[in-house]
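Per-entry structural report
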Amino acid sequence: MYLKRALFSLVLLTVVSCGLKSVEDGFEQNGVHTINTGFVSAFAIPISDSEVILVDSGGEEDAASLKIGLEALGYGLDDVTHVFITHGHKDHVAALELLDSALKVGFAQDEPLIEEKLGKKVVLDLPIDDGERMMVGDVMVEAFHLPGHTPGNATYLINNVMLMGDTAMANEDGSVGVPPEFFSSDALAVKDRIKDLWSRLENRTDDVEWMFFAHTGPLQGTNALKTYSVE
Ligand SMILES: [Zn+2]
């Protein structure tokens, strides 16, 4: 497990030197805040003065940075009402253990993976369906099921920001690419799902002002999806 993670870091580092867009801790657009937990980012979206939702939790060894990032926004771990899980890889879900009071939302296809990574039975409080729109306070979350990186892989559209998870990565030149293939359960499908996402968005591009990625910095708009898809 440690070896695989170390390998992922190494692969990522290698890719970084090939031009991934770097993460900017605290970067915010439309009320979506980046909390860089070191290896991976979690994203916080305030709902009220005492309630905040997260997209992913970050990994266990990054839990301190999640707490610090939330505190910088004026929230504690207990103020997290919902965690929208992009997929079940450990670096995205391990800190769920700190978020007992939060409802876990995601695609049921990744429940076994989350269970495997956390080493205990995990049942999502709110399994979500493809295309479903869920209101949390005044904030609407729209879910896209894009299996490939994992069977339950998802992106979430919140406040006109698409939270991409590991569905894709952003390059410094403004293009998108796929995560290192070794880490995807179906690497070929990852490419098709990026194209699927574009086909679902091409008639509503005004709805997506930004794309935020779990392991890289953000990109504005959806042009990178279009370019990837028509190549
Ligand atoms: Zn992943």
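Let us look at the structure shown here.

1. Considerations on the overall build of the chain
In terms of helices and strands, the chain carries 6 helices and 15 strands. Taking 231 residues into account, the globule formula puts the C-alpha radius of gyration at 17 Å, and the chain, at 16 Å, falls close to it. Oriented by its inertia axes, the alpha-carbon framework of the chain measures out at about 45 × 40 × 30 Å. Burial statistics for the chain: of 231 residues in total, 45% are counted as buried. Summarising the internal contacts of the chain: among those between residues at least 6 apart in sequence, 57% fall at separations of at least 24.

2. Focus on the environment of Glu172
You can see Glu172 is positioned in the loop between strand 12 (169-170) and strand 13 (176-177). As for Glu172 and Gly217, which are separated by 45 residues in sequence, their C-alpha atoms are 8.5 Å apart. Once residues within four sequence positions are removed from consideration, Glu172 is found in contact with Gly19, Leu20 and Lys21.

3. A few points about the nonpolar core
Core analysis: the largest hydrophobic core is formed by 57 residues, its most contacted members being Phe43 and Leu163. Setting aside residues up to four positions removed in sequence, Leu163 forms contacts with Phe43, Val55, Thr86, Thr155, Tyr156, Ile158 and Phe212.

4. A closer look at the environment of His87
Along the chain, the position of His87 falls in the loop between strand 5 (80-84) and helix 3 (90-93). Classification of His87 by C-beta neighbours within 10 Å gives buried; the count is 29.

5. Regarding the sheet that holds strand 14 (residues 210-212)
Taken together, 6 strands build an open sheet; the order of strands is 8-9-10-11-14-15 and the sheet is mixed. A strand with exactly one partner marks an edge of an open sheet, and here the two such strands are strand 8 (133-136) and strand 15 (219-220). In this sheet, strand 11 (residues 161-163) lies alongside strand 10 (residues 154-158) in antiparallel orientation, the contact comprising 3 bridges. Looking across to strand 11, one finds that Leu157 is bridged to Met162.

6. Here's the deal with unusual backbone geometry
Here the phi dihedral of Asp56 falls at roughly 70°; this positive angle occurs in a residue that is not glycine. Mapping Asp56 onto the fold places it in the loop between strand 4 (51-55) and helix 2 (63-72). On the basis of neighbour count, Asp56 is assigned to the buried category, with 29 C-beta atoms found within 10 Å. The backbone of Asn160 shows a phi angle near 65°, a positive value even though the residue is not glycine.

7. Observations concerning the pairing of strand 2 (residues 32-36)
In terms of burial, strand 2 is a largely internal element, 5 of the 5 residues being buried. Where strand 1 (residues 28-29) lies against strand 2, 2 bridges are found, and the strand directions are antiparallel. When the bridges of strand 2 are listed, Glu28 appears paired with His33. Examined bridge by bridge, strand 2 and strand 3 (residues 41-48) share 4 bridges and lie antiparallel to one another. Bridge pairing in strand 3 links Ile35 to Ala42. Counting the residues in the hairpin turn of strand 2 and strand 3 gives 4 residues, including Gly38, whose phi is positive at 105°.

8. Details of the sheet that holds strand 5
Across the sheet, which stays open at both edges, the 7 strands sit in the order 1-2-3-4-5-6-7 with mixed pairing between neighbours. Either end of the sheet is taken by a strand with one partner, and the two such strands are strand 1 and strand 7 (126-127).

Basis of the calculations
- Residues numbered from 1 in each chain as written.
- Predicted model: local features only at pLDDT ≥ 70, side-chain atom pairs only at ≥ 80, totals over all residues.
- Helix = DSSP H or I, 4+ residues; strand = E, 2+ residues; numbered from the N terminus.
- Rg over C-alpha atoms; globule rule 2.2 N^0.38 Å.
- Buried ≥ 20, exposed ≤ 12 C-beta atoms within 10 Å, placed from the backbone.
- Contact = placed C-beta atoms within 7 Å.
- Core = buried A, V, L, I, M, F, W, Y, C linked by C-beta atoms within 7 Å.
- Pairing = 2+ DSSP bridges.

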